[in-house]
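# Structure assessment
Single-letter residue listing:
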Amino acid sequence: MADELLEKIPEFRKDTDVKPQDEGFIDWTALTHVPTARNRREFLIIVGVAVVVVTTIEILIRAFQVPNYVLPAPSGIFNALVNNFETLLPHIGVTLQELVGGYLIGATIGILLAGVVTQAPLVEKIITPYIILLVTTPMLALVPLLVLRLGFGLEPRIVAVALAVGPMVMINSATGFRRTDLAKIALARSYGANTLQIFYKIRFPIALPMIIVGLMVGGIFGLLTAVGAEMVGGGVGLGSRLVYYSSLARMEAFFATILIIATIGITMYVIFFLIGKKWASWEA
Amino acid sequence: MAAEAQTTPTTAAASARPSTRLVIDKATKIYQTATGPLLALDSFSAEIGEGEFVCVVGPSGCGKTTLLWALSGLHPLTSGAITLDGTPVKGPRPEIGMVFQEANLLPWRNLMKNILFPFEIKRLDAAPYRTRIQHLLETVGLAGFENKFPRELSGGMQQRASLVRCLSFDPSVMLMDEPFGALDAFTRDEMNLLLLKLWSEQRKTIVFVTHSIVEALFMADRILVMTPRPGRLAREVVVNLPRPRTLEMQSSPYFVETAREIKELIHASVKK
Ligand SMILES: Nc1ncnc2c1ncn2[C@@H]1O[C@H](COP(=O)(O)OP(=O)(O)OP(=O)(O)O)[C@@H](O)[C@H]1O
Ligand SMILES: [Mg+2]
């Protein structure tokens, strides 16, 4: 057994143990560390305030007779949501399909690329400018081009979502993978760990909190891109409904659609918040 | 192999020369740094016997960690050789267990999963070791804390956990790098006694690095005193204190006098 342990051992420097970490220029971790209701009383207060806000809006809109096309009343939006839900359902399905499909592709590539690239600092330096370019370029701008190549089906939108999600996940995950803790790697090595074991028993868990943040931010970017791409062209998806309803000045239905999109976004957020709580809470 | 060591009587004084396990032969380590080569360890030679408790003391930066990491196979020497049981150490060896400075627990694993970490890496079935681990946890007073995460444990508890982690897979050699350096004086005394108790039960071969002359004298059969960088062996001190050791021994004339001698030895070599 001793022989297979004799692989290349890196040299360690004791003063590099647990260095303060470079978190990139935006502290995305704020997203996973949001204050939530601590008890029933707090919860009731939060819900109570929300009810008061919505009711006040309703009252104000009625009192001042704000025209429908400026801002429909909450009750009207709610009615529209109930009445149009059945017609909107297939569109929700389409949007979710694009979102999930593009997301899975983008996130997988993003994490894998980050894991590989951070192993070689030079490769990382070469690649990073392109990733930042991809992060900052609105992928919506590419949709007409993608439609030209891939037709009017779901494919161009899935590609756009993947292009929006991937770099976002990649850049955050890379920050996570860069947080190496040599003392912990040395610990694993002292038991004869190989490179792969060190990767998934040490490097990956250390990176996980940042990966989760990347997945969350990526998800939000993905949703924006999916809806935006639907607004650009094609008759299906929630984005297309926004264009359709606004062209007919059906503002209640328009806002009901927005409500659905927001719900998808919030659901994603909550899912990752809970994942973060479960898998990354050791860091807090 | 280690089972036989466990049956050794606990109070045996290290009078008879035990069989040699670790041989350090002119160990030399040069680090390549930005400012040029740095000689950290210079022709350090020593032998460590089966079941011996050897402490290494020396001033900060004299190369103690460098020596220990070479012993554990975590990094190679520039020249010289280290052999364990007759075979050269060229990488991590299954019979060696390391205890690092500052517990070094994995914060995303609970206590039990931290202790089972070596088994996962070694792909070793932990089932036959369960009673051993349970016994260790009870000995160090951590039974019932298996599901706690490191951040929920005090510094002393974390260090005890790392001790259990090291002993869990029953290594026959333990290499310890200032394991209790970050603890307060009381916790440190407590940990020293605990380690001596575990050692008397299990008779591991221990190389224990420390800054503290008192700690070294209290624990060791033999002390290797190092010179400031580049680290050389300044002197070997055989500790003539009976076992089991007690805290009262620390105020005995012999203890105080020997501690002073070692201190002067280190100070003298610092001035040079
Ligand atoms: N990887 C490295 N690269 C360059 N220099 C190093 C490296 N590791 C240690 N050194 C230097 O080698 C010398 C010995 O270091 P070492 O860590 O072995 O000392 P030490 O006796 O353990 O010190 P301390 O008591 O402070 O822990 C120091 O001057 C240190 O700065
Ligand atoms: Mg050291």
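Residues numbered from 1 in each chain as written. Chains lettered and ligands numbered in written order. Predicted model: local features only at pLDDT ≥ 70, side-chain atom pairs only at ≥ 80, totals over all residues. Heavy atoms only, no water.

## What to know about the confidence of the model for chain B
Detailed reading of the predicted coordinates is not advisable wherever pLDDT is low. Residue and element names in this part refer to chain B. The pLDDT averaged across chain B works out to 89; a share of 93% of its residues lies at or above 70. The low-confidence segment residues 1-15 (pLDDT under 50) makes 16 contacts with residues lying over four places distant or belonging to another chain. Complex prediction metrics read pTM 0.82 and ipTM 0.86. (pLDDT = per-residue confidence, 0-100. Contact = heavy atoms within 4.5 Å.)

## Overview of the domain arrangement of chain B
Residues and elements named next belong to chain B. The domain architecture assigned to chain B consists of domain 1 (2-95 + 171-271) and domain 2 (102-164). Every contact between the two is made by 18 residues of domain 1 and, on the other side, twelve residues of domain 2. Between domain 1 and domain 2, the buried area comes to about 1100 Å², and carbon and sulfur atoms account for 63% of it. Broken down residue by residue, the surface that domain 1 buries against domain 2 is led by Met191, Leu194 and Leu198, which jointly contribute 33%. Across the domain 1-domain 2 interface, the total number found is two residue pairs in polar contact (both at pLDDT 80 or more). Listed by contribution, the elements that provide at least two residues to the side of domain 1 that touches domain 2 are strand 7 (173-177) and helix 7 (185-202). Residue contributions to the side of domain 1 that touches domain 2 peak at nine residues, all from helix 7. (Domains from an automatic or database assignment. Buried area = accessible area lost by both parts, 1.4 Å probe. Polar contact = N/O pair within 3.5 Å; in protein donor to acceptor, adjacent residues only side chain to side chain. Helix = DSSP H or I, 4+ residues; strand = E, 2+ residues; numbered from the N terminus.)

## Section: the side chain of arginine 132 of chain B
With respect to the element layout, arginine 132 of chain B can be found in helix 5 (residues 130-139). Within the structure, the side chain of arginine 132 of chain B is placed 2.9 Å from the side chain of glutamine 202 of chain B, a separation counted as a polar contact.

## Digging into the domain arrangement of chain A
Residues and elements named next belong to chain A. Each assigned domain of chain A is listed here: domain 1 (33-65) and domain 2 (72-283). Inter-centroid distance (C-alpha atoms) of domain 1 to domain 2 is 29 Å. Opposite the seven residues of domain 1 that make contact, domain 2 presents seven residues. Approximately 530 Å² of surface area, both sides summed, lies buried where domain 1 meets domain 2, with 62% of it carried by carbon and sulfur atoms. Inspection of the region where domain 1 meets domain 2 yields zero salt bridges. Where domain 1 packs against domain 2, one counts two residue pairs in polar contact (both at pLDDT 80 or more). Here the side of domain 1 that touches domain 2 is built from residues that sort into four nonpolar, one polar and two charged. (Salt bridge = Lys/Arg side-chain N within 4 Å of Asp/Glu carboxyl O. Nonpolar A, V, L, I, M, F, W, Y, C, P; charged D, E, K, R; others polar.)

## Some points on the layout of surface pockets
Considered as a void within the structure, the second largest pocket measures approximately 530 Å³ in volume. Lining the second largest pocket are 22 residues, and of these Pro205, Leu208, Trp279 and Trp282 of chain A together with Trp108 of chain B lie nearest its centre. Counting only elements with at least two residues in the lining of the second largest pocket, the list comes to helix 7 (195-232) and helix 9 (251-279) of chain A. Residue contributions to the lining of the second largest pocket peak at eight residues, all from helix 7 of chain A. Among the residues forming the lining of the second largest pocket, the class breakdown is 14 nonpolar, two polar and six charged. (1 Å grid on protein atoms, 1.4 Å probe; cavity = no way out; pocket = protein on both sides within 12 Å on 5 of 7 lines; lining within 4 Å. Points joined across faces, edges and corners; volume = space filled by probe spheres on them.)

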